[in-house]
Every structure is written in structure tokens, then in C-alpha cells.
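Chain residues, written in single-letter form:
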Amino acid sequence: MFSRRLLILSSAALALTSLAGCNKATDMLNPPALHVDRAYVKLAANPDAPSALYFTVHGGASDTKLLNVLIDSALRYEMHESVTSGGMSDMKKLEYAVIPAGKDVAFKPGGMHVMVWGISKSAIAANKMPVIFVFQNGDRIEFDAQFVKPGADAGAAMAHDGMAMGNEVMGNEAQ
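Everything quoted here is computed from the prediction, not taken from an experiment.

## Observations regarding the overall build of the protein chain
Part 1: For the protein chain, the helix and strand inventory stands at 3 helices and 12 strands.
Part 2: Burial statistics for the protein chain: of 175 residues in total, 35% are counted as buried.
Part 3: Within the protein chain, contacts between residues separated by at least 24 positions form 64% of all contacts whose residues are at least 6 apart in sequence.
Part 4: Counting only carbon and sulfur atoms, one obtains 57% of the accessible surface of the protein chain, whose full area is about 10,600 Å².

Okay, here's the thing in C-alpha cells:
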């Protein structure tokens, strides 16, 4: 009786191990796609001051770098990173951001972000700003960043249902 239970338990363990191997094989056949979501612009209280663009990049099947963002509806934009040294906060310009395979990289307040100067009034009136994310691997992903007014919570903009993947836009039609 004991050996029969042992045989049943062993068979069940072997079956589970085989299924786990199948999931890994399936993951290898369907690697994650590089995409961007949760993009929003926190508008500055003073229209002459720069606003900040925040978003999340989800790494694809291989490592890449975010080389640039292109914003036609702004006069100037730069990728920056907030750094603290000796108790003092400062910003440094980023030439690129490393996007590891399968990992999320958040551009968020207090970390990496894009400073944006001179946003067009028509973009603000439309409550969206098309942004093109340019990657080292050749992908160019377009995504509409929503605007968040000064003092407002970014939660509504981040709950945005669109997700841009690869070279196309899904659920967030960009103009």
C-alpha cells in the first residue's frame, strides 16, 4: 500500500515538473514585447517653466536602450535623472536609458523623467501629446501622453487604458 502511494505521488510530481517545463518553453516561444504605457505629462504651474513627462517602458526579449523621445508639440525636451549627492538633489541629462530584457523601467517623479518646454496650446487643449519613443533596437513606439494639471493627482492619467507595443499603437490611437 505504501509503495503504491509513493508511485502515485512520484507520478504526480513528474507530471507537474513536465508542465513547468512546458510553461518555460511557451515563454521562450512568446517572449515579452517591448512596449510603453502609463505616459503622462505633469504640467508646471508656471507655463514658462518646464513640465515633466513620466512613463513606464516594459523590456522586450532582449536588452535595448531608450535613445530619445520625439515630441512635435514641444519646443524642447530632454531625458533627465534626479540624483542625490551629499544631501543635495540635482538633475543630470541622460544620453540614454538602459532597458533590460523583460524588466520594467519607470520614468517617475524623483527618478528618470523627460523635461518638456514650450508645449503647444493645441496639445494642451486636446489633453494629449503624441510622443515617439526611439530605441536602439530600431523600434519606434508612439504613445499619447495625457496631461495632468498642476496640483492634480496623476492616477487618472496613469489608469489610461492604452498600451503601445512595437511599432504599432493598441487601444490608444495616436495622431
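## Examining the layout of surface pockets
Part 1: Approximately 160 Å³ is the volume attributed to the largest pocket.
Part 2: Along its surface, the largest pocket is lined by Leu 43, Ala 44, Pro 47, Ala 49, Ser 51, Val 116, Trp 117, Gly 118, Ile 119, Ile 124 and Pro 150.
Part 3: Along the lines of polarity and charge, the residues of the lining of the largest pocket split into 9 nonpolar, 2 polar and no charged.

## Here we look at the confidence of the model for the protein chain
Part 1: Of all residues in the protein chain, 73% have pLDDT values of 70 or greater, and the mean over the chain is 82.
Part 2: Confidence drops under a pLDDT of 50 for residues 160-175, and excluding neighbours within four residues, the segment shows 47 contacts in the predicted structure.

## A word on a nonpolar patch on the surface
Part 1: A contiguous nonpolar patch, built from Leu 67, Tyr 96 and Val 98 and spanning about 260 Å² of accessible area, is present on the exposed surface.
Part 2: Here Val 98 lies in strand β6 (residues 97-99).

## Things to note about the pairing of strand β10 (residues 140-148)
Part 1: Counting buried residues along β10, 7 of its 9 residues qualify, which places the element largely inside the surrounding structure.
Part 2: In this sheet, β10 lies alongside strand β1 (residues 35-42) in parallel orientation, the contact comprising 3 bridges. In the sheet register, Val 41 faces β10, and the bridge partner there is Phe 147.
Part 3: One ladder, built from 7 bridges, connects strand β9 (residues 128-135) with β10; its direction is antiparallel. Note that in β10 the partner of Pro 130 across the bridge is Asp 144.

## Thoughts on the pattern of salt bridges
Part 1: By the definition in use, this model includes 2 salt bridges.
Part 2: Residues Glu 78 and Arg 76 are paired through a salt bridge, measuring 3.1 Å at the closest nitrogen-oxygen approach.
Part 3: Judged by relative accessible area, Arg 76 falls into the partly exposed class, the value being 42%.
Part 4: Among the ionic pairs, Lys 128 bridges to Asp 144, the shortest N-O distance being 3.7 Å. In this pair, Lys 128 sits in strand β9 while Asp 144 sits in strand β10, placing the two residues 16 residues apart along the sequence.
Part 5: The exposure class of Lys 128 is partly exposed, given its relative accessible area of 23%.
Part 6: With relative accessibility at 1%, the residue Asp 144 sits in the buried group.

Here is what the cut-offs are and how they apply
- Residues numbered from 1 in each chain as written.
- Predicted model: local features only at pLDDT ≥ 70, side-chain atom pairs only at ≥ 80, totals over all residues.
- Heavy atoms only, no water.
- Helix = DSSP H or I, 4+ residues; strand = E, 2+ residues; numbered from the N terminus.
- Buried < 20%, exposed > 50% of the residue type's maximum accessible area, 1.4 Å probe, protein only.
- Contact = heavy atoms within 4.5 Å.
- Areas by Shrake-Rupley, 256 points an atom, 1.4 Å probe, with all protein chains shown as cover.
- 1 Å grid on protein atoms, 1.4 Å probe; cavity = no way out; pocket = protein on both sides within 12 Å on 5 of 7 lines; lining within 4 Å.
- Points joined across faces, edges and corners; volume = space filled by probe spheres on them.
- Nonpolar A, V, L, I, M, F, W, Y, C, P; charged D, E, K, R; others polar.
- pLDDT = per-residue confidence, 0-100.
- Patch = residues over 30% accessible without salt bridge, like charges linked within 9 Å, V, L, I, M, F, W, Y side chains within 5 Å.
- Salt bridge = Lys/Arg side-chain N within 4 Å of Asp/Glu carboxyl O.
- Pairing = 2+ DSSP bridges.

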